[in-house]
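The chain contents come next:
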Amino acid sequence: MVGHNSKAGKIVRYILTTLLMLVMIYPFIYLVLNSFAAWDQVDKKLIPTEFTTRSWDWLFGNSVVAAPAPWIHAFINTIIVSTIATGLMLLFGLMVGYALAKVDFKGKKLVNNAILFQMFFPAIILLIPQFLMITDFGLLDTYAGMIIPTMLSLWAVFMYTNFFKAIPDTLIEAAKLDGASDMKILFRVVLPMSKSITTVIFLFLFTDRWTNLLWDMLVTKSDGTVTLNVLISQMFGPYATYPGPMYAASVLLTLPLIILFLFFSKKFQEGMQFTLK
């Protein structure tokens, strides 16, 4: 009787888990289905019955219905800005985190407390000062203007600092006795040990920068620098009559993030286990 109840409980849990998973992934399924749906069925049916590549053709500039916005160029802009900004955030987070965890210097405690203190402030309060700074330096509507204000992540510094504190000091001292400098220790010894936490930090930072809308809307003023998320937000204006392409563009924006999470899923799980300790 106990075994029967246990088996029934497992079946119920599996059913509930499956239903919850379907609820969570259905919005993306809905995006994909409507990106391939016939235009007269977009947002008209829960599951379209007629499919076409018309929305994707429009997105890639192969339609004569209307002059499409520069979607592919915006997608490339998003890749460039997100990749460079995330790389810089990882680099600075790695270096500052290592210094705070393993290097003794004057004012170390003050710097650490200042970082923790600033993490409590919402990023939006810095929006106007950053915008004025970018404008004064003539970086408005440039890649540099989109990247520089976002190239330092205090959260990345905080995560790396806590991870590096768990690395035995004896390992660092042994490397120094062999004549290794702090930079060599960081990139040759410490970084290879930090793959899991680096994966977690990378995925969160890249996702945040990839979907950053507010800053990109302020800085970008032309098709040359516009990012995909900004372009999608603009579809509710002149392109609102073309919901199919809007869904196709949304799939284009979401798909790279899903691929990244699937590709790094093992390292991500390992890194999350450390963060939850």
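Residues numbered from 1 in each chain as written. Predicted model: local features only at pLDDT ≥ 70, side-chain atom pairs only at ≥ 80, totals over all residues. Heavy atoms only, no water.

**Comments concerning the overall build of the protein chain**
The secondary structure content of the protein chain amounts to 14 helices and 0 strands. What you see in the protein chain, going N to C, is helices and strands ordered as α-α-α-α-α-α-α-α-α-α-α-α-α-α. Against the globule reference of 19 Å for 277 residues, the protein chain gives a C-alpha radius of gyration of 24 Å, more extended than a compact globule. Here the C-alpha coordinates of the protein chain stretch approximately 75 × 70 × 35 Å along the principal axes. By residue count, 36% of the 277 residues in the protein chain fall in the buried class. When contacts within the protein chain are restricted to residue pairs at least 6 apart in sequence, those whose partners lie at least 24 apart make up 71%. Of the roughly 16100 Å² of accessible surface on the protein chain, 70% is carried by carbon and sulfur atoms. Considering the protein chain, the positive charge centre built from 20 side chains and the negative charge centre built from 15 side chains are found 12 Å apart. (Helix = DSSP H or I, 4+ residues; strand = E, 2+ residues; numbered from the N terminus. Rg over C-alpha atoms; globule rule 2.2 N^0.38 Å. Buried < 20%, exposed > 50% of the residue type's maximum accessible area, 1.4 Å probe, protein only. Contact = heavy atoms within 4.5 Å. Areas by Shrake-Rupley, 256 points an atom, 1.4 Å probe, with all protein chains shown as cover. Lys, Arg positive; Asp, Glu negative; His and termini not counted. Charge placed at Lys NZ, Arg CZ, Asp CG, Glu CD.)

**Description of the pattern of salt bridges**
Within this structure, the stated rule accounts for 4 salt bridges. Across the pair Lys102 and Asp169 runs a salt bridge whose closest N-O atoms are separated by 2.6 Å. Note that Lys102 is positioned in helix H3 (residues 71–102) and Asp169 in helix H8 (residues 169–177), a separation of 67 residues in sequence. Since its relative accessible area comes to 49%, Asp169 is described here as partly exposed. With a shortest N-O distance of 2.9 Å, Asp216 and Arg209 are connected by a salt bridge. Residues Asp216 and Arg209 agree in their burial class; the two are buried. (Salt bridge = Lys/Arg side-chain N within 4 Å of Asp/Glu carboxyl O.)

**A closer look at the packing of aromatic side chains**
The geometry of an aromatic ring pair comes down to the distance between the two centres and the angle between the two planes. For the structure on display, the rule yields 13 aromatic pairs. Ring geometry for Tyr30 and Tyr247: centres 5.8 Å apart, planes at 80°, overall edge-to-face. With Tyr30 in helix H1 (residues 2–36) and Tyr247 in helix H13 (residues 243–263), this pair connects stretches of sequence that are 217 residues apart. Judged by relative accessible area, which is 10%, Tyr247 ranks as buried. Ring geometry for Trp58 versus Trp71: centroids 6.3 Å apart, planes at 50°, classification tilted. Of this pair, Trp58 sits in helix H2 (residues 54–59) while Trp71 sits in helix H3, and the two are 13 residues apart along the sequence. (Phe/Tyr/Trp six-rings, centres within 6.5 Å; stacked < 30°, edge-to-face > 60°.)

**Quick notes on the UniProt feature "transmembrane region" (unreviewed entry) in the protein chain**
Per the UniProt record, "transmembrane region" (unreviewed entry) is annotated on residues 12–33, 71–98, 110–131, 143–164, 185–206 and 246–264. With 100% helix and 0% strand, the stretch residues 71–98 has end C-alpha atoms that lie 40 Å from each other. For residues 185–206, helix accounts for 82% and strand for 0%, while the C-alpha atoms at its two ends are 26 Å apart. (UniProt positions renumbered as here; feature names shortened; annotations may be inferred.)

**A look at unusual backbone geometry**
Of note, the phi angle at Asp43 is positive, near 65°, even though the residue is not glycine. Structurally, Asp43 is set in the loop between H1 and H2. The phi dihedral of Asp141 is positive, around 65°, even though this residue is not glycine. Looking at the secondary structure, you find Asp141 in the loop between helix H5 (127–136) and helix H6 (143–147).

**Focus on the environment of Gly61**
Tracing the chain through its elements places Gly61 in the loop between H2 and H3. A sequence separation of 11 residues divides Gly61 from Ile72, and the C-alpha atoms of the two residues are 9.0 Å apart.

**Focus on the side chain of Thr227**
Relative to the helices and strands, Thr227 is located in the loop between helix H11 (214–219) and helix H12 (228–234). Taking relative accessible area as the criterion, Thr227 reaches 1% and is therefore assigned buried. At a separation of 2.6 Å, a polar atom in the side chain of Thr227 contacts the side chain of Asn229. If we ignore the near neighbours within four places in the chain, the residues touching Thr227 are Ala74, Asn77, Thr78, Met146 and Asp216. (Polar contact = N/O pair within 3.5 Å; in protein donor to acceptor, adjacent residues only side chain to side chain.)

**Let's talk about the layout of surface pockets**
In this structure, the largest pocket occupies an estimated 890 Å³ of space. The set of elements that each furnish at least two residues to the lining of the largest pocket consists of H3, helix H4 (108–119), H5, helix H7 (154–165), helix H10 (195–210) and H11. Its residues assigned to classes, the lining of the largest pocket shows 19 nonpolar, 5 polar and 2 charged. (1 Å grid on protein atoms, 1.4 Å probe; cavity = no way out; pocket = protein on both sides within 12 Å on 5 of 7 lines; lining within 4 Å. Points joined across faces, edges and corners; volume = space filled by probe spheres on them. Nonpolar A, V, L, I, M, F, W, Y, C, P; charged D, E, K, R; others polar.)

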